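# An overview of the molecular structure
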Amino acid sequence: MGGFEGGMLDAASDFVLGLPKCELHVHLEGTLEAEMARSMVARHGNDPASVGLGERPAAFAGLSDFLARYYAAMQGLQDEDDFYELTTAYLETARRQGVVYAEMFFDPQAHTSRGVPFGTVVSGIHRAQQDALARGGPDSALVMCLLRDESLDSAHATLAESLPYRDRGWILGIGLDSDERGNPPSKFAGVFERARGAGFRVTMHCDPRQETSVAHLWECLDVIGVERIDHGIECLSDDRLTGEIARRRLGLTACPLSNLRLYGTLMADAVTELMARDVLVTLNSDDPAYFGGYIADNFAAVADEAHLTRAELAVLAKNAFLASWLAPARRDGYLRAVDDYVSAAAPSHSAPTR
Ligand code: ADE
Ligand code: ZN
C-alpha cells in the first residue's frame, strides 16, 4: 500500500487529506488487501498459496486481467463476519483519508455464485456501516452492482433478492460493472427499468479504453437514463456526448490510479478538460487494494500531475457531493463544510499547490 497509508505527507497533500471528501466509486471487494484475503482463506481452512492471492502487479494487462485476479481473491469472503471485517477496514481507511460520506459498490453475484447467501453479504456490510457511523463516521450508503458478463436471468434473480433490502433502506442504488466487451448497457434495459420502479438510483460503468466506450455511453443516456456514469471519461472523444452529459448534470466518477495501473496513465488531462467543459467530474479510488491508493492518494496524484490549485481541488470535492444521492439538506451541509475548510485553511496554507 503506498501514498498516504504509507505515510507520505507534505503541505499540499496535507490540504488534500483534510478536505471533506465524498467517495462515489469504490468496490468494497476492491478494498480487500492481499493480507486480509490470505488470512480469510486460511481461516476457512484453505491454502492461500494455492490461489495466487499474493499477486497484485504494479501494472495490469487491461481490465480482464485485473478482473480475473479480483474475483479469485474473493473466495475468502464467506461468512457475515468476513463482510463485516472488509467493510470496517475500508471505512476506517476512508475516515483517515478524509472521507465523510461514501456510496460503496458491492458485487452480490460474485458471492451468491459461490454459494454465499445474498443476506449474509448485505448483513455483514450493513452492520459495519452502522458501527462506523456510531464511531463517528464516515456515513455511507450501498450500491449493488450487477455483473454485465453474467446472464440477464441472473441479473433479474439478483434484483429480486435485493428488493427486501431496498425496502429496508439498506441498498440505495444499482450499478453495472465487470467485463464490458459484448455486454452493452442495453442488454440490461429491462432489469434497470424494474430497479428504477422499485426505487433504486441508477448508475453504470463505462470503462476507459473500451472499443465500444462511446456507443455504450450513448446507450446509458438514451436507453437507460442513468443518473451518474462510472468512469465515462471517453465521452471526450464526442463533443455532443460531452455537452449532453454536462447539460444533464450527470456525475462522472473518474478513477485516476485505476487508469494508471490498467492503462498506464492517470488521464489527469481528461479530468481538467471535463472540468473546463462544465462536467460534474469527481475523483475516486475504484479498487484501491489493487491500484495502490485510496481517495486522497487519487486527489494528490492528479493535483501533482495537473498542477491543480486548492480552489480546483475544492471544486472536485464539491462535484462529488453534488453528484451524490444525498438528500439536499445533508448534501448542502457537506458543501458548506468544504467551503468552511477552504476558508479556514487559507491562512496556514496561503501558497497554492501551483
Ligand atoms: N469491478 C471492479 N472494478 C471494476 C472496474 N474498474 N470496471 C469494471 N468492473 C469492475
Ligand atoms: Zn469500478
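Thresholds applied
- Throughout, a residue's number is its position along its own chain's written sequence, starting from 1.
- Both sets of labels track the order of writing: A upward for chains, 1 upward for ligands.
- In keeping with the model being predicted, local features are shown solely for residues with a pLDDT of at least 70 and side-chain atom pairs are shown and tallied solely at 80 or more, while totals for entire chains, interfaces and linings include all residues.
- To get the side-chain values, take all heavy atoms of the structure and skip hydrogens and water.
- Salt bridge criterion: a side-chain nitrogen from Lys or Arg within 4 Å of a carboxyl oxygen from Asp or Glu.
- Helix and strand labels come from DSSP, where a helix needs a run of H or I of at least four residues and a strand needs a run of E of at least two; each type is numbered from the N terminus.
- Each metal's donors comprise the N, O and S atoms found within 2.8 Å of it (within 3.2 Å for Na, K or Ca). Water is not part of the atom list, so some coordination spheres may appear incomplete.
- Tetrahedral means four donors with every angle between 85 and 135 degrees, whereas square planar (four donors) and octahedral (six donors) require angles over 155 degrees between opposite donors and between 65 and 115 for all others; sites fitting neither are termed irregular.
- Relative accessible area decides the class of each residue, using a 1.4 Å probe on protein chains only: under 20% of the type maximum gives buried, over 50% gives exposed, and in between gives partly exposed.
- Pairs of strands are assigned from DSSP output, requiring at least two bridges between the strands.
- In this analysis an axis means a line fitted to C-alpha atoms, helices contributing only their contacting stretch, and an angle means the value between N-to-C directions, from 0 to 180 degrees.
- A cutoff of 4 Å decides nearness: a residue is near a molecule or strand if any of its heavy atoms lies inside that distance of it.
- N or O atoms closer than or at 3.5 Å make up a polar contact, with two conditions inside protein: a donor-capable atom paired with an acceptor-capable one, and, for residues adjacent in sequence, both atoms drawn from side chains.
- Surface exposure here means Shrake-Rupley accessible area, sampled with a 1.4 Å probe, where a residue is shielded only by the protein chains that are shown.
- Following the grouping adopted for this structure description, the nonpolar residues are Ala, Val, Leu, Ile, Met, Phe, Trp, Tyr, Cys and Pro, the charged ones are Asp, Glu, Lys and Arg, and the polar ones are all others, Gly among them.
- For every residue, the pLDDT score states the predictor's confidence, bounded by 0 at the bottom and 100 at the top.
- Residues are treated as being in contact if the distance between any of their heavy atoms lies within 4.5 Å.
- With the far helix as reference, a near helix turned anticlockwise by less than a right angle produces a left-handed crossing, and one turned clockwise produces a right-handed crossing.

### Side note on the pattern of salt bridges
Tallied over the full model, the rule gives 21 salt bridges. Linking arginine 69 and aspartate 65 is a salt bridge whose minimum nitrogen-to-oxygen distance equals 3.1 Å. Placement of both arginine 69 and aspartate 65 in helix H3 (residues 63-73) is noted, with a separation of 4 residues, approximately one turn of the helix. Its salt-bridge partner being glutamate 92, residue arginine 95 comes within 2.6 Å of it at the nearest N-O pair. On the criterion of helical spacing, the pair formed by arginine 95 and glutamate 92 is a turn pair, its members being 3 residues apart in helix H4 (residues 80-96).

### A few points about the coordination of the zinc ion (ligand 2)
Taken together, His25 (NE2), His27 (NE2), His205 (NE2) and Asp286 (OD) make up the full set of protein donors to the zinc ion (ligand 2), lying 2.0 to 2.3 Å away. Here the zinc ion (ligand 2) binds 4 donor atoms, and the angle range of 84 to 174° at the metal identifies the geometry as irregular. Between the donor residues of the zinc ion (ligand 2), the gaps in sequence give the motif H-x1-H-x177-H-x80-D. Placement of the pair is histidine 25 in strand E1 (residues 21-27) and aspartate 286 in the loop between strand E8 (280-283) and helix H13 (288-291), with a sequence separation of 261 residues. Taken as a pair, histidine 25 and aspartate 286 share a single burial class, namely buried.

### Some details on the sheet that holds strand E2 (residues 99-106)
Pairing within the open sheet is parallel, and its 8 strands lie in the order E1-E2-E3-E4-E5-E6-E7-E8. Among the strands making up the open sheet, the edge pair consists of E1 and E8. When strand polarity is set aside, the average angle formed by the axes of neighbouring strands in this sheet is 25°. Bridge count for strand E7 (residues 251-254) against E8 is 4 bridges, and the pairing is parallel. Within E8, the position partnered with alanine 254 by the bridge is leucine 283.

### A look at the site of ligand 1
Contacts to ligand 1 come from His27, Leu63, Phe66, Leu67, Tyr70, Asp177, Ser178, His205, Asp207, His231, Asp286 and Asp287. Histidine 27 places a side-chain nitrogen or oxygen 3.3 Å from a nitrogen atom of ligand 1. A distance of 2.8 Å is found between a nitrogen atom of ligand 1 and a side-chain nitrogen or oxygen belonging to aspartate 286. Bound to the protein, ligand 1 loses 100% of the 260 Å² it would expose on its own. Per-element tally for the shell around ligand 1: the top contributor is H3, with 4 residues. Looking at the shell around ligand 1 residue by residue, the class counts come to 4 nonpolar, 4 polar and 4 charged.

### Quick word on the confidence of the model for the protein
Confidence along the protein averages 94 in pLDDT terms, with 94% of residues attaining 70 or more. Note that pLDDT drops below 50 for residues 348-354; the model gives that stretch 17 contacts with residues more than four away or on any other chain.

### Focus on the packing of helix H9 (residues 213-224) against helix H10 (residues 239-247)
The geometry of H9 relative to H10 is characterised by a closest axis approach of 11 Å and an angle of 35° between their N-to-C directions. The chirality of how H9 crosses H10 is left-handed. Residues Val214, Leu217, Trp218 and Leu221 of H9 form the contact with H10, whose participating residues are Arg240, Leu241, Glu244 and Ile245. Residues of the contact of H9 with H10, tallied by class, amount to 6 nonpolar, no polar and 2 charged.

### Section: the side chain of threonine 158
As for its placement among the helices and strands, threonine 158 is situated in helix H7 (residues 152-167). Using a relative accessible area of 5% as the deciding quantity, one classes threonine 158 as buried. Here threonine 158 is in contact with Pro108, Gln109, Phe118, Met144 and Leu146, once residues within four sequence places are set aside.

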